[in-house]
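Single-letter residue listing:
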Amino acid sequence: MPCLPGRIKEVPRNCFVPVNPSAFNASFRARAGYGNVLPVDHKPPTAAIGSAHRAHALPWDDTTNFDNADRGFIASLSPCVIKAADGRRVWDNDVYAFLDGDAPTSVHPSLWRQSILNAKQGLYVVVPGIYQVRGFDISNVTFVEGDTGIIVIDPLVSTEVAAAALDLYRTHRGADRPVVAVIYTHSHVDHFGGVLGVTSQADVDAGAVVVLAPEGFTAHAMQENVYAGPAMLRRATYMYGSLLARGPQEQVSCGLGQLPSTGEVAIIVPTIDIRETGETHTIDGVQIEFQMAPGTEAPAEMHFYFPRLRALCMGENATHNLHNLLTLRGALVRDPHAWAGYLTEAIDTFADCAEVVFASHHWPTWGRDNIVKFLSLQRDLYAYLHDQTVRLLNQGYTGVEIAEMFQMPTALDQAWHTRGYYGSVSHNVKAVYQRYMGWFDGNPGRLWPHPSEALAPRYVDAMGGIDRVVELA
């Protein structure tokens, strides 16, 4: 994710802040609050939409995800509305109260199901010693209890929601534990932007708090949030539907979560760079074993295991949906071959000893056999997308052609956590093609195309003029 709508905090020199100075982004932030949405002229879904939404054969009797999403529930926030200091709403989970019962005709039943799961909010115990707050942002924040303090994993998008999550944790687990460390799993803003809600630059400078991240984190965060930040933010408004009202004919979910929060965004530069797989650190009595996973869901990303707690954190490389290989907001094309390889390594290294696997989106998976099955299908998902696209491009097919002929095997098509709520098979296939072959499809007629503004009148002329085009329309 890029730097998403929020208020930028003035922070000390050691903090890098993803600033987007363009007038567009200033205007967008002013309009992106939960109370300011674009008007929509609703029309009932057509018969074709209703028919398409009913044409599914999925394992509806499997309620495991609901059991796991509810497991370990401690308390929710009521009302789940979080505001900035100026009274502006930066998060409102209560607007998704319409997500109940059977899916309306306007929403695919599978997406409706995913949205209900995503909208569950509150504090949950993963295992004794590890607690997650879910439903306060598009991502999760995790609190790991050490001997005297807490380790915070991925402090959400913005300061206000991270602070509210920490407050909920402390309300139910005791207010006397200080934050002693922050871990960023990777270089996307929904995993670091709320850091000032859980600690301060002063505490980091004083050595009271350490900040850990994979090698290359700061450079990649800057490249994604500053270099192309304005363009990515503009595209993200369409990708996430953030200016739409929430409702069954508007915005229901992002698949990966409900929506990013819109508060204050900042970052504290890491004090410890994790550089090698197998590297271990002990923080406040908690041993952590790290696995590097660069070039996967983010250019700088890592997994890590807590031996004492028998818990494996997968960052964002194994979540309950098909992810993007090239996110529609724009980003570097991700490497599904490497992604699959790091998942295989995680299975080989940690699956025999882990009792739970969790990530910074969605809900955990418990039990060795379930962990192996979950991680293996996630691995197979990205490996199959890669291998079959490469096979077909070597036969001479273009990305667009491959996307139309691509079929997922039943084992991947029927698993809930491999479905395209966030990424899709179609645009992921095109991303693999782009990664290897670039934008040019080999047809000389498309080597130097006209831009849309120049091409449109040529099409109109070729079809016989404006009157003929209107008649055809």
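Computed from a predicted model, the values in this text were never measured in an experiment.

1. Description of the overall build of the protein chain
- When its secondary structure is counted, the protein chain shows 15 helices and 18 strands.
- The C-alpha radius of gyration computed for the protein chain amounts to 23 Å, which stays within 12% of the reference 23 Å derived for 473 residues, consistent with globular compactness.
- Buried positions account for 53% of the 473 residues belonging to the protein chain.
- Considering only intrachain contacts with a sequence separation of at least 6, the fraction spanning at least 24 residues in the protein chain is 73%.
- Carbon and sulfur atoms form 53% of the exposed surface of the protein chain, whose accessible area is close to 19,800 Å².
- Each charge sign in the protein chain was given a centre, from 35 positive and 49 negative side chains, and these centres are 4 Å apart.

2. Considerations on the packing of aromatic side chains
- The tally for this structure, following the rule as stated, stands at 15 aromatic pairs.
- Each ring, one from W339 and one from Y382, has its centre 4.1 Å from the other, and the planes form 15°; the classification is stacked. Of this pair, W339 sits in helix α9 (residues 336-350) while Y382 is found in helix α10 (residues 368-393), placing the two residues 43 residues apart along the sequence.
- Taking relative accessible area as the criterion, W339 reaches 1% and is therefore assigned buried.
- A network of ring pairs unites the aromatic residues Y96, F98 and W112 as a single cluster.
- The ring centre of W366 lies 4.1 Å from the NZ or CZ of R71, which sits over that ring.
- Taking the ring centre of Y124 as reference, the NZ or CZ of R134 above it sits at 3.9 Å.

3. Focus: the sheet that holds strand β10 (residues 210-214)
- If you trace the 8 strands from one edge of the open sheet to the other, you get β2-β5-β6-β7-β8-β9-β10-β12, paired in mixed fashion. The open sheet has two edge strands with one neighbour each: β2 (73-75) and β12 (272-274). Going across the sheet, the axis of each strand differs from the next one's by a mean of 25°, ignoring polarity.
- Relative to strand β8 (residues 150-153), strand β7 (residues 141-145) is paired through 4 bridges, and the arrangement is antiparallel. Bridge pairing links T142 to I153 in β8.
- In the packing of helix α5 (residues 159-173) onto the sheet, the strands contacted are β2, β5 (122-127), β6 (130-134), β7, β8 and β9 (179-183), and the crossing angle to β7 comes to about 35°.

4. Let's talk about the packing of helix α7 (residues 217-227) against helix α8 (residues 229-240)
- At a closest axis distance of 5 Å, the pairing of α7 and α8 adopts a crossing angle of 70°. As far as their axial angle goes, α8 and α7 are roughly perpendicular. Between α7 and α8, the residues in contact are E224, N225, V226 and Y227 and G229, P230 and M232, respectively.
- The class makeup of the residues in the contact of α7 with α8 is 4 nonpolar, 2 polar and 1 charged.

5. Regarding the pairing of β6
- The buried fraction of β6 amounts to 5 of the 5 residues, a majority that puts the element mostly inside the structure.
- Residues of β6 alternate between two faces, with I130, Q132 and R134 on one and Y131 and V133 on the opposite face, all of them buried.
- Bridging between β5 and β6 involves 5 bridges; their strand directions are antiparallel. Within the sheet, the bridge partner assigned to L123 lies in β6 and is V133.
- Following β5, the chain reverses through 2 residues before pairing antiparallel with β6; G129 in that reversal takes a positive phi of roughly 110°.
- Relative to β7, β6 is paired through 4 bridges, and the arrangement is antiparallel. Within β7, the residue paired with Q132 across the bridge is T142.

6. What about the nonpolar core?
- V133, F136, F143, V182 and Y184 are the most contacted members of the largest nonpolar core, which has 53 residues in total.
- Residue contributions to this core peak at 7 residues, all from α5.
- When residues no more than four places from it in sequence are discounted, the contact partners of F143 are G129, I130, Y131, V133, I150, I151, V152, A165, L166 and Y169.
- Y305, L343, I347 and V429 belong to the second largest nonpolar core, which has 36 residues in total.

7. Quick look at the pairing of strand β15 (residues 302-306)
- Buried residues dominate β15, accounting for 5 of its 5 residues.
- Neither face of β15 is open: one carries M302, F304 and F306, the other H303 and Y305, and all of them are buried.
- Where strand β14 (residues 286-292) and β15 come together, 4 bridges link them in antiparallel fashion. Looking at β15, one finds that M292 is bridged to M302.
- Bridge count for β15 against strand β16 (residues 311-313) is 3 bridges, and the pairing is antiparallel. Opposite F306, over in β16, you have A311 as the bridge partner.

8. Here's the deal with a nonpolar patch on the surface
- There is a patch of nonpolar side chains on the surface, built from M222, V226 and Y227 and spanning about 270 Å² of accessible area.
- Counting through the fold element by element, Y227 comes out in helix α7.

9. Comments concerning the side chain of H362
- When you line up the elements, H362 lands in the loop between β17 (356-358) and β18 (365-366).
- The exposure class of H362 is buried, given its relative accessible area of 5%.
- Among the polar contacts made by the side chain of H362, one reaches the side chain of Q114 at a distance of 3.4 Å.
- A distance of 3.0 Å separates a polar atom in the side chain of H362 from the backbone oxygen of G255.
- Among residues more than four places away in sequence, those in contact with H362 are Q114, N118, Q132, R134, N140, G255, L256, G257, T319, H320 and N321.

10. With respect to unusual backbone geometry
- With an omega dihedral of -5°, the bond running from S78 to P79 counts as a cis peptide bond.
- Considering the arrangement of structural elements, one finds P79 in the loop between β2 and β3 (81-83).
- Positive phi outside glycine occurs at L156, with the angle close to 65°.
- As for its placement among the helices and strands, L156 is situated in the loop between β8 and α5.

What counts and how
Residues numbered from 1 in each chain as written. Predicted model: local features only at pLDDT ≥ 70, side-chain atom pairs only at ≥ 80, totals over all residues. Heavy atoms only, no water. Helix = DSSP H or I, 4+ residues; strand = E, 2+ residues; numbered from the N terminus. Rg over C-alpha atoms; globule rule 2.2 N^0.38 Å. Buried < 20%, exposed > 50% of the residue type's maximum accessible area, 1.4 Å probe, protein only. Contact = heavy atoms within 4.5 Å. Areas by Shrake-Rupley, 256 points an atom, 1.4 Å probe, with all protein chains shown as cover. Lys, Arg positive; Asp, Glu negative; His and termini not counted. Charge placed at Lys NZ, Arg CZ, Asp CG, Glu CD. Phe/Tyr/Trp six-rings, centres within 6.5 Å; stacked < 30°, edge-to-face > 60°. Lys NZ or Arg CZ within 6 Å of the ring centre and 35° of its normal. Pairing = 2+ DSSP bridges. Axes fitted to C-alpha atoms, helices over the stretch in contact; angles between N-to-C directions. Parallel < 35°, antiparallel > 145°, perpendicular 65-115°, else oblique. Nonpolar A, V, L, I, M, F, W, Y, C, P; charged D, E, K, R; others polar. Core = buried A, V, L, I, M, F, W, Y, C linked by side-chain atoms within 4.5 Å. Patch = residues over 30% accessible without salt bridge, like charges linked within 9 Å, V, L, I, M, F, W, Y side chains within 5 Å. Salt bridge = Lys/Arg side-chain N within 4 Å of Asp/Glu carboxyl O. Polar contact = N/O pair within 3.5 Å; in protein donor to acceptor, adjacent residues only side chain to side chain.

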